[in-house]
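Close look at the chain arrangement
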Amino acid sequence: MKAFYEQRTRILLLGMTVLSTCTLMPAAFAQDIERNKNPSPRAPHARPGVNSPNTHVASSHPKNSVVPPSKSEDISVTGSNGVRTAEKRLRKVPGNFTVISSKEVEKGRSATLEDTLAFQPGIFAQATSGSTGNKISIRGSGAGVFYGGYSLGMKYLVDGLTVSGVGGFQEDRLNNTGYQRTEVLYGANAFDYAATALGGGINFVTHTGVSAPGFMARFEAGSYGTLKEQVSQGGTFSNKKGDYYVTVARTNRQGFQSYTAMHRTDVVANLGYRFTDKLSARLIFKWDEGFGHYGGLLTLAQLRKSPSINPNDWGGRPTRSTMLGFKTNYIFDDDSRLEYGITWNDYPLFNGTNTQQFNLWRSTDINNSIKYNRSDRLLGRRIESNFILSDVHMVSGDSRYYTSSVRSTQSNSEDWTLHQRVKYGGSHDLVFAAGNNFNIFNRLWLTSGFSVIWIDRNIRVVDRLIPNSALQSREHYNNVFITPRVGLRYEINPDVDVFANFSRLIDPPVTWNYHDVKGGSPYNDTGTVGPLKAQRANSAEIGIRGHVGIFDGNLTLYRSWVKDELLSVVVTRATSTTAEITTTSNASPTIHQGIEAGLSTKLFNLHQYGALSFRQALTVNDFYYRHDPLLGQNKLPSIPTWQYQAELQYNNPLGFYANFDFRSSSSYYVDYANTLKAPRYGIFGLKLGYEAKSKIWSTFLDFRNLGNKHYATAAYTAYNLNHTDSAMFYPGDGFSVFGGVTVHLSDLGKHL
C-alpha cells in the first residue's frame, strides 16, 4: 500500500511538472514565431484571475528605451495601486514571486494569513487551531520553529518598511486587516528589500484612500463562534494631493478545540501627501491588542477519534503591538529616485497566563532604510541600478522568567518570583545591497549584485534569583558576510519569461535562540546563554512563467546547500503548570530543494453564461541532512513532502460566483530521527457568493472541510519519538460554514 501511494505521488508530481513545461514552452515559441510573421501591435493581456500563479505583464515601453523610475506606488495618491502594477514591477526579478489581491481573498473567509496564502505554490501556511498563530514556511525556512511565539526564516515588511526585528516576528501580528495586496518574493528574490533569509520576504501593502475610497463595512460570522466586524473610511483631500485611509476590525473566535478562544482588535491608518510632482510622503500606523489561548497538541489516536478535545490547557497570552512608519520619496531631475523610511515597532508578549511558569518579553525596534534607484544607458543598452541601506536595530529588549505559587494573571504580579532576566538591547542587522538589471540583448537581462551584512547580537543575563558564576551569562556574536547574486532573465516573447539565478543567503540567529544552548532552564535558576553561528546557504533557481492562450502559470525548481542550519528541539514539554523549554543548535550540512508549480486554465468564457477556470498549485519539498554522523540522510521534520491545491472557479456576468476547491498534503515526519509521521489528508471546500453590479454590496458563504475530515493542520518537532504515538499534532477545523456581507459606499467621503 505504501509503495502504491508513493508511486501515485510521483506520477502526480511528474505530471504537473511536465504539463506546466509542455504547455508553456512550445506554445510560447510558436506564439513568438507567429508574432514575427505578423508584427502588429498588441495590448498587454488581462489576467485570467487574481491569485493565480504570477502573471507576466508586457511592458508598454520600447525595448531599449530608458524607463524612468515610477513615482512610488506606495506614496502616489493619483496612480494605480493594483496587482498588475506590482506584477509588472516584480517581473524584472529573475526568480519566483507571487502577488495576492486581498479583494479576491475577501470573496470568502478572511480571518488568518492561511486564507491569504492559500493556493500559492511553494508556501506552507497553516493557522494552528484556527487562530491567528500562523506557521509560515517558504522553501523550508523556519522549519524548526515552534508555535506560540515568533515566525522566523523570512523578512516581513509593511509598505516596503521592515517590521520584523532581530527577535523575529510575532505570529499574532500575522493577520490580513487593512491590506490591499500581499507580495511574496521567494528566497534571494527579495534582494531589493535587503532580505537575506532562506525564505525571502513578504511585503504587506496597506490600503490607501485611492485603493479603498469611501465607507466600507464588513461583517463575517460562522462556525466555532467566529465573528469579525470591520469598518473603514478612505478618500482624498487638498485637491487630491493627499489621501487617507483608516480601518478598525474586531475578531472573536471560540475555537474548534476546547480552551482555544481568542479575540483581537486591529487598527490600521494610512496618510499620504504629494507636496510636488517630485516630493511625497506617507505615514502608516498599525496597532493591535488581544488575547489568545494556545492550541492543544494531540496524539494520532486522539486526532482520529476526538480532534476537538484539549487535554492539556497550556494557558494563553495577551498580545499587543504598535507600529508607526514614515517614508518619503524624492524624484530627481534625471528620473532617479531616493526614498527614506523609518519604523518604530513595540511588541511586548506575555507568554503563559494561567500557568505557574511563564515569561514576559519586551521588544522595541527602530528600523531605518535608504533606497536609491536610477535608470541609465551603458554601451547603448538600458541598465537599472538600485542601492539600499537597511538597519534593523533593537533599541530596547529583554525577557523575564517567572514562577508563581498560583496560576498567573495580569493582576496578581505580587505572587510572581523573578528567576532570570536577559537583555538584548543594541543587537542589530545592518545590510547594504547594490544591484542592477542590464539589458544585454533585446530580450536578455543580466541581474547582478551583492550584499554586505553586519550581524551583531548582544545577549546578557543581568538578573538571577540565585547567582551562579559558573553559568555563562553573556554571548556576543559579531560577524560580517558578503553575499553575491547573479541571474539571467530571457523574454521568449512579451508574455513568457525563462529565468535562472544563483545567490548566497544568510539567516542570523534571533536573540532568544541563544538561550539554553548548553542546557538548563531559567525556571530552576540554571538557565544559560551560549554560542550560535549564522545559517548560510548557496542557492540556485531556474524556472519559466507566463501566459499562453488559455494558460497562465509558472514552474520553478530550486536547490539550496545549507550550512549551520538553525534547528530547534523541545527539551521539556509544557504542561498546564510548567513552561516549555527548547534549545537551538547549528545543524550539520543540509539540503533544501523543491519544485513550485502553478497553472491557471481558462476552460471557457461564454459572456452570456459566465466563465469557468481551473487553478492548481503544487509544492514539492525535499529537505534532508547530508550525511549527518547520527541522523544520516534523514528528512527534516514538520514540513510536508508535497502539497497540492486546486480550485474550480465559476463567475457569472450577473455577479454570482462559485468555487469548488481541494487541498491535500502528504505525510511527513515530526521528529529528527524519522520515527513518527503526520498523516496525509485531503479536504474539500465550496465558496458561493454574489457581488452587485453597482459594487455597493456583496455577500458570500464559505464551506470548509465538507467531509468533516480529521486531520493535522501542523505539527510540533521532537528529536526522537521512538515510533511512539505522541502528542505532536494540531488538529485542523472540522466541517465549518462562514458567511459575510460587505457594504461599500465608494462616494461617501471620497473627496474632502
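Reading the values: the criteria
- Residues numbered from 1 in each chain as written.
- Predicted model: local features only at pLDDT ≥ 70, side-chain atom pairs only at ≥ 80, totals over all residues.
- Heavy atoms only, no water.
- Patch = residues over 30% accessible without salt bridge, like charges linked within 9 Å, V, L, I, M, F, W, Y side chains within 5 Å.
- Areas by Shrake-Rupley, 256 points an atom, 1.4 Å probe, with all protein chains shown as cover.
- Salt bridge = Lys/Arg side-chain N within 4 Å of Asp/Glu carboxyl O.
- Helix = DSSP H or I, 4+ residues; strand = E, 2+ residues; numbered from the N terminus.
- Core = buried A, V, L, I, M, F, W, Y, C linked by side-chain atoms within 4.5 Å.
- Buried < 20%, exposed > 50% of the residue type's maximum accessible area, 1.4 Å probe, protein only.
- Contact = heavy atoms within 4.5 Å.
- Pairing = 2+ DSSP bridges.
- Axes fitted to C-alpha atoms, helices over the stretch in contact; angles between N-to-C directions.
- Polar contact = N/O pair within 3.5 Å; in protein donor to acceptor, adjacent residues only side chain to side chain.
- pLDDT = per-residue confidence, 0-100.

**Some thoughts on a nonpolar patch on the surface**
Among the surface-exposed residues, Phe275, Leu279, Tyr330, Leu338, Ile370, Phe387, Leu389, Phe432, Phe450 and Ile482 lie close enough to one another that they form a single nonpolar patch of about 840 Å² accessible area. Tracing the backbone through its elements, the reader meets Leu338 in strand S16 (residues 337-346).

**A word on the nonpolar core**
If you look at the biggest cluster of nonpolar residues, it comprises 34 residues, and the most contacted ones within it are Tyr150, Trp361, Tyr424, Ile455, Phe481 and Trp512. Those elements that provide at least two residues to this core are strand S19 (381-404), strand S21 (428-439), strand S22 (444-464) and strand S23 (474-493). Not counting residues within four places of it along the chain, the set of residues in contact with Tyr150 comprises Val145, Gly167, Gly168, Phe169, Gln170, Glu171, Tyr347, Leu349, Trp361, Ser363 and Trp512. Within the second largest apolar cluster, 22 residues are counted, among which are Ile100, Val105, Leu113 and Ile202.

**Overview of the sheet that holds strand S6 (residues 161-162)**
Sheet strands pair by backbone hydrogen bonding; their relative direction is either parallel or antiparallel. One open sheet accounts for five strands, arranged S1-S8-S9-S5-S6; its pairing is mixed. Taken across any chain shown, the strands that pair with only one partner, and hence form the sheet edges, are strand S1 (97-101) and S6. Contacting S1 and strand S8 (179-186), helix H2 (residues 83-90) runs over the sheet at an angle of about 170 degrees to S1.

**Some details on the side chain of Asp346**
Along the chain, the position of Asp346 falls in strand S16. Taking relative accessible area as the criterion, Asp346 reaches 16% and is therefore assigned buried. A distance of 2.8 Å separates a polar atom in the side chain of Asp346 from a polar atom in the side chain of Thr364. In contact with Asp346, not counting residues within four places along its chain, are Arg320, Ser321, Thr322, Ser363 and Thr364.

**As for the confidence of the model for the protein**
Of the residues in the protein, 88% have a pLDDT of 70 or more, and the chain-wide mean is 87. The model gives residues 1-80 a pLDDT under 50, and that stretch makes 181 contacts with residues more than four places away or in other chains.

**Let's talk about the side chain of Ser223**
Within the fold, Ser223 resides in the loop between strand S10 (214-222) and strand S11 (226-237). Within the structure, the side chain of Ser223 is placed 2.8 Å from the backbone nitrogen of Val737, a separation counted as a polar contact. Once residues lying within four places of it in the same chain are set aside, the contact partners of Ser223 are Phe735, Ser736, Val737 and Phe738.

**A short note on the pairing of strand S18 (residues 357-378)**
Relative to S18, S16 is paired through ten bridges, and the arrangement is antiparallel. Across the sheet, the residue bridging to Arg337 is Asn373, located in S18. Strand direction decides the pairing type here: strand S17 (residues 349-351) and S18, joined by three bridges, are antiparallel. Bridging from a neighbouring strand, Asn351 pairs with Asn359 of S18. Joining the antiparallel neighbours S17 and S18 is a turn of five residues, in which Gly352 adopts a positive phi near 100 degrees.

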